[in-house]
Amino acid sequence: MLPDGSSSELPQRATTPSVRSATHDRVGEGAGLWQQGWYRYARALASPNFGSRPATAVTDLIVIHSISLPPGEFGNQQVQQLFTNQLDWDAHPYFQTLRGLQVSSHFFVARSGALWQFVSCDDRAWHAGESSYRGRSNCGIELEGLEGGLFEAAQYETLSSVCAALLLHYPITHLTGHQHIAPGRKQDPGSGFNWSGLQASLGLPAKCFPVIV
Ligand SMILES: [Zn+2]
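Note that the structure is a prediction, hence the values are computed from the model and not measured.

1. Details of helix α3 (residues 153–169)
Logical step 1: Under the 1.5 Å per step criterion, the end-to-end length of α3 is 25 Å for 17 residues, consistent within 8% with the ideal 24 Å.
Logical step 2: Restricting attention to buried positions, one finds in α3 the residues Q155, T158, L159, S161, V162, C163, A164, A165, L166 and L167.

So this is what it looks like as structure tokens:
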């Protein structure tokens, strides 16, 4: 529900496309994949937690995160509830640490590969501390998972598709992890994330990615 009491849920979209279909669309520079910053193949679940980007903003960065609520528990709807201010703070002791938080991400990729979008990529999602990194505007993608843990093949497939679509529509020059833009403060997605696999699937040069040590 939005603050005015109206429903925040937009119509459900179709399933995730294959990487090939997203790439095939390159001729049209993503035409048809995006509508006012909303990705056609994501399930739209509009969050009230967003703001407009500065008029001069250039969205050239994708930031990859991991999250699960409570940590290590997958397959529930609690991340979606957090990002839409619907989470029951009393449902789990861990949620006390989040009580009152108003946050969002542009995208969330469940373990099954299912994709949700909460904020238009033309707008700024409320992800504390990294809305502007070195003057860059970013699109944030949360993967359902645990910091340092592994991610599912279906998640990489969806992530690759949505990144390919973002590359078609926005002047993306870099992909990075939350841990790389907030060193010492954040550790997601962590050592279990396969950066070289993502790089290979997108066919981008290594300079577009964080240095892997
Ligand atoms: Zn993060």
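2. Some thoughts on the confidence of the model for the protein
Logical step 1: In the predicted model, the protein carries a mean pLDDT of 86, and the fraction of residues at 70 or more is 82%.
Logical step 2: Within the model, pLDDT remains below 50 along residues 1–27, and this stretch shows 44 contacts once partners closer than five positions in the same chain are excluded.

3. Examining the nonpolar core
Logical step 1: Core analysis: the largest hydrophobic core is formed by 40 residues, its most contacted members being I62, F107, V109, I141, V162, C163 and L166.
Logical step 2: Per element, the largest residue contribution to this core is seven residues, and it comes from α3.
Logical step 3: Sequence-distant contacts of I62, defined by excluding residues within four places in its chain, comprise N138, C139, I141, C163, L166, I172 and L175.

4. Focus on the packing of α3 against helix α5 (residues 195–202)
Logical step 1: With their axes 10 Å apart at the nearest point, α3 and α5 run at an angle of 50° to one another. In terms of orientation, α3 and α5 fall into the oblique class. In this structure, α3 meets α5 at a crossing whose hand is right-handed. For the pair α3 and α5, the contacting residues are Y156, L159, S160, C163 and A164 in the first and G197, L198, S201 and L202 in the second.
Logical step 2: When grouped by side-chain class, the residues that make up the contact of α3 with α5 number six nonpolar, three polar and no charged.

5. Details of unusual backbone geometry
Among all residues save glycine, negative phi is the norm, and among peptide bonds the norm is trans.
Logical step 1: The step from L69 to P70 runs through a cis peptide bond, and the omega angle for that step is -20°.
Logical step 2: Here P70 shows up in the loop between β5 (59–67) and α2 (78–83).
Logical step 3: Omega for the bond connecting D188 with P189 falls within 30 degrees of zero, at 5°, which places this linkage in the cis form.
Logical step 4: Of note, Q36 is a non-glycine position whose phi angle comes to about 50°, a positive value.
Logical step 5: For Q36, the position within the fold is in the loop between β1 (34–35) and β2 (38–39).
Logical step 6: Within the chain, N85 stands out as a residue other than glycine whose phi angle is a positive 60°.
Logical step 7: You can see N85 is positioned in the loop between α2 and β6 (107–109).

Each value, and the rule that gives it
Residues numbered from 1 in each chain as written. Predicted model: local features only at pLDDT ≥ 70, side-chain atom pairs only at ≥ 80, totals over all residues. Helix = DSSP H or I, 4+ residues; strand = E, 2+ residues; numbered from the N terminus. Expected span 1.5 Å × (residues − 1). Buried ≥ 20, exposed ≤ 12 C-beta atoms within 10 Å, placed from the backbone. pLDDT = per-residue confidence, 0-100. Contact = placed C-beta atoms within 7 Å. Core = buried A, V, L, I, M, F, W, Y, C linked by C-beta atoms within 7 Å. Axes fitted to C-alpha atoms, helices over the stretch in contact; angles between N-to-C directions. Parallel < 35°, antiparallel > 145°, perpendicular 65-115°, else oblique. Left-handed = near helix turned anticlockwise from the far one by under 90°. Nonpolar A, V, L, I, M, F, W, Y, C, P; charged D, E, K, R; others polar.

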